[in-house]
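Understanding the architecture of this molecule
Take a look at the letters that make up each chain.
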Amino acid sequence: PLVGYLLIPFVTTFGTLTGAKVLALLVSVAGTVPFFLLTRRIVRPYLASIGSLVYTWWVFADPLAFGFLTLLVLAVVLLGCWAFLRFSDKPTLDRAVTASAIMCLVPNLNQTAIIPYLALLGLFTVFLGVKDFPKYWRGLLVLGVMGIILSLGTLPYSQTTATTFL
C-alpha cells in the first residue's frame, strides 16, 4: 500500500516511465546505506565499504530487472535487521520502538515478505546469545505488540486483495 505514495511524486514530476526509473535508481542507491550499516556490524568498516560499493554496483547495474519494490523491500529488511541487532545489543524501550517502527514498514510494502522476515528475526533471536534475558524478552514483547499495532493498517488492503483473488 505504501508504494503508491512513494511513486506518485516521481510519476507526476518526471512522467510515468522516467519517474519509475528515477525512483528505481534512487532506491537502489539508498539501499546501500542499510547494507553498509548491517555489514559494518559483522566485518571491519573498510570491508563493509567495499561490500557496499559492490552491492551498489550489482543492484545499480539493472534496477528495473529487480523492480524498485523488491529493492525497496530489501533495503527496509536490511535496515530492520540492523535495528533489531542494535536492539539486541542493548534492549531498551527506545531501541525497541525504533526497531518495530522500521520493521513494520515491511508488511506495508510487501505482505509476502513477512514470513521469511520473521524467520530471519527468529534466527537472530536464537543465535544471538542474549546477556540480559528478561530485559530482552520484555523488549521483544514491546517490539511485537507495537509491530502488530503498526501493521494493522495493512489489513484492509490485504482483505480486499484476498477477496479479489479468492
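Residues numbered from 1 in each chain as written. Predicted model: local features only at pLDDT ≥ 70, side-chain atom pairs only at ≥ 80, totals over all residues. Heavy atoms only, no water.

Quick notes on the overall build of the protein
Secondary structure assignment for the protein yields 11 helices and 0 strands. Taken from the N to the C terminus, the helices and strands of the protein come in the order α-α-α-α-α-α-α-α-α-α-α. Classification of the 166 residues of the protein by burial places 36% in the buried group. Here the analysis covers contacts within the protein between residues at least 6 apart in sequence; of these, 67% occur between residues at least 24 apart. (Helix = DSSP H or I, 4+ residues; strand = E, 2+ residues; numbered from the N terminus. Buried < 20%, exposed > 50% of the residue type's maximum accessible area, 1.4 Å probe, protein only. Contact = heavy atoms within 4.5 Å.)

Notes on the confidence of the model for the protein
Here the protein averages 79 in pLDDT, while 83% of its residues score no lower than 70. The weakest mean pLDDT in the protein belongs to helix H5 (residues 63–66) at 57; the strongest belongs to helix H3 (residues 32–40) at 89. (pLDDT = per-residue confidence, 0-100.)

Structural notes on the environment of Arg86
For Arg86, the location among the structural elements is in helix H6 (residues 68–89). Between the C-alpha atoms of Arg86 and Leu38, which are 48 residues apart in sequence, the distance is 9.7 Å. Once residues lying within four places of it in the same chain are set aside, the contact partners of Arg86 are Arg41, Arg95 and Thr98.

A look at the pattern of salt bridges
Between side chains of opposite charge, a pair can form as their charged atoms come close. Counted according to the given criterion, the structure contains 1 salt bridge. A salt bridge links Asp89 to Arg41, with the shortest nitrogen-to-oxygen separation between them at 2.3 Å. Taken together, the positions of Asp89 in helix H6 and Arg41 in the loop between H3 and helix H4 (45–61) put the pair 48 residues apart, joining distant regions of the chain. Classification of Arg41 as partly exposed rests on a relative accessible area of 35%. (Salt bridge = Lys/Arg side-chain N within 4 Å of Asp/Glu carboxyl O.)

Observations regarding the packing of helix H2 (residues 16–30) against H3
For the pair H2 and H3, interaxial distance at closest approach is 4 Å and the crossing angle is 10 degrees. It follows that H2 is roughly parallel to H3 by the angle criterion. Residues Ser28, Val29 and Ala30 of H2 lie in contact with H3, whose contacting residues are Thr32, Val33 and Pro34. Along the lines of polarity and charge, the residues of the contact of H2 with H3 split into 4 nonpolar, 2 polar and no charged. (Axes fitted to C-alpha atoms, helices over the stretch in contact; angles between N-to-C directions. Parallel < 35°, antiparallel > 145°, perpendicular 65-115°, else oblique. Nonpolar A, V, L, I, M, F, W, Y, C, P; charged D, E, K, R; others polar.)

Looking at a nonpolar patch on the surface
A cluster of nonpolar side chains, Ile42, Val43, Tyr46, Leu47, Ile50 and Val54, forms an exposed patch at the surface whose accessible area comes to about 570 Å². As for its placement among the helices and strands, Ile42 is situated in the loop between H3 and H4. (Patch = residues over 30% accessible without salt bridge, like charges linked within 9 Å, V, L, I, M, F, W, Y side chains within 5 Å. Areas by Shrake-Rupley, 256 points an atom, 1.4 Å probe, with all protein chains shown as cover.)

As for H2
Between the first and last C-alpha of H2 there are 21 Å, a value that for 15 residues agrees with the 21 Å anticipated at 1.5 Å per step. Within the sequence span of H2, burial applies to Gly19, Leu23, Ala24, Val27 and Ser28. Relative to the axis of H2, the buried residues are bounded by an arc of 165 degrees and lie together on one face. (Expected span 1.5 Å × (residues − 1). Arc of directions from axis to C-beta.)

Points about the side chain of Ser52
With respect to the element layout, Ser52 can be found in helix H4. Setting aside its immediate chain neighbours within four residues, Ser52 contacts Thr32, Phe35, Phe36 and Thr39.

What about the nonpolar core?
The biggest cluster of nonpolar side chains holds 33 residues, and the ones touching the most others in it are Phe84, Phe87, Met103 and Tyr117. Of all the secondary-structure elements, those providing two or more residues to this core are helix H1 (2–14), H2, H3, H6, helix H7 (93–103), helix H8 (105–109), helix H9 (114–127) and helix H10 (133–151). Broken down by element, this core gets its largest block of residues, 13 residues, from H6. The residues touching Phe87, leaving out its near neighbours within four places in the chain, are Thr92, Arg95, Ala96, Ala99, Tyr136, Gly139, Leu140 and Leu143. (Core = buried A, V, L, I, M, F, W, Y, C linked by side-chain atoms within 4.5 Å.)

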